[in-house]
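# Breakdown of the fold
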Amino acid sequence: VVLAMPQNNLIYTSENDFENIALAHYGISGLAGAVAAGIGAFSAEAGVGAYTVMNAAGKAIGKASTLAGYPLNPRLEILFTGRRQRGFVFEILMSPVNVEEANLIQNIIRLLRFHSSPDISASSYFFVPPAEFDISFYKDGKENLNIPRINTCVLEKIEVDMAPTGSYAAFSTGHPVQTRLSLGFREIEILHKARITQGF
């Protein structure tokens, strides 16, 4: 499917998740040394469990200190916990000038709606997941690498507005005079440094 460039919302947002950790709680409860000495020897699962126990103990000590009239200096540290997939919303206004273009727009919308929808399994008990989408930007017939690339996506939301001006109007054939297509994509892969060096 070849579409015009989006008129707006060509926005690239990368979001990281961080968590605040109050190290003062661990120091007073005597657990800071345990964290430094023990986490390295634990498996990942045990490390998470140990953190949960220590965090709960530290919060309890902090609450007791506050009730005594001496609230703790939290000595906050920020820990990286993960990264979210990028999402994109592309809006394209389409205005056909003849029946051929109106039919083409109708076919494009139907194709996108079809492949963004799940199928039903033969048993009818399960959904078959929708298609995935690869998005590229082109200029003069060649991929435009001056715009960051986008990883394979799923189409989370498709919105078709057949009265984008606020008042519906149609040709004598019944085709809308204008159609605004809004496509909400989400990447299936989390962006990392190696992908950025590849132009993503």
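Everything below is about the structure shown above.
Residues numbered from 1 in each chain as written. Predicted model: local features only at pLDDT ≥ 70, side-chain atom pairs only at ≥ 80, totals over all residues. Heavy atoms only, no water.

### As for the sheet that holds strand β9 (residues 153–161)
For clarity, the cut-off: DSSP-based pairing: two strands are paired if at least 2 bridges between them are found. The helix and strand labels rest on DSSP assignments: H or I over at least four residues marks a helix, E over at least two residues marks a strand, and numbering proceeds from the N terminus.
The 4 strands lie next to each other as β3-β10-β9-β6, forming an open sheet whose pairing is antiparallel. Both outer strands of the open sheet, β3 (87–94) and β6 (132–133), are each paired with one neighbouring strand and no more.

### Side note on helix α4 (residues 99–115)
This is how the line gets drawn: A helix is expected to span 1.5 Å for every residue after the first. A 1.4 Å probe rolled over the protein chains alone gives each residue an accessible area, and that area as a share of the maximum for its type sets the label: buried under 20%, exposed over 50%, partly exposed in between. Note that the arc is defined by the directions from the helix axis to the C-beta atoms.
Helix length check: α4, at 17 residues, gives a terminal C-alpha distance of 24 Å against a target of 24 Å (1.5 Å per residue), a fit within 8%. Buried residues of α4: Ala-102, Ile-105, Ile-108, Ile-109 and Leu-112, and no others. Each buried residue of α4 lies within a common arc of 125 degrees when the element is viewed along its axis, so the set occupies one face. Residues of α4 that are exposed and point more than 90 degrees away from the buried face comprise Glu-100, Leu-104 and Phe-114.

### Focus on the nonpolar core
Put simply, the rule reads: We define a nonpolar core as any set of buried Ala, Val, Leu, Ile, Met, Phe, Trp, Tyr and Cys residues linked to one another through side-chain atoms lying within 4.5 Å.
Membership of the largest hydrophobic core comes to 18 residues, with the highest contact counts inside it found for Phe-90, Ile-150 and Phe-185. Taken together, the elements giving at least two residues each to this core come down to β3, α4, β9 and β10 (179–187).

### Quick word on the pairing of β3
Alternating residues of β3 divide into Phe-88, Phe-90, Ile-92 and Met-94, all buried, and Gly-87, Val-89, Glu-91 and Leu-93, none buried. The pairing of β3 with β10 spans 8 bridges and is antiparallel. When the bridges of β10 are listed, Phe-90 appears paired with Leu-183.

### Description of the packing of aromatic side chains
This is how the line gets drawn: For this analysis, a ring pair means two rings from Phe, Tyr or Trp (six-membered ring only for Trp) whose centres lie within 6.5 Å, classed as stacked if their planes differ by under 30 degrees, edge-to-face if by over 60, and tilted for the remaining angles.
Under the definition given, this model contains 6 aromatic pairs. Centroid distance Phe-133 to Phe-185: 5.8 Å. Interplanar angle 65 degrees. Geometry classified as edge-to-face. Note that Phe-133 is positioned in strand β6 and Phe-185 in strand β10, a separation of 52 residues in sequence. Of the residues examined, Phe-185 reaches a relative accessible area of 6% and is grouped as buried.

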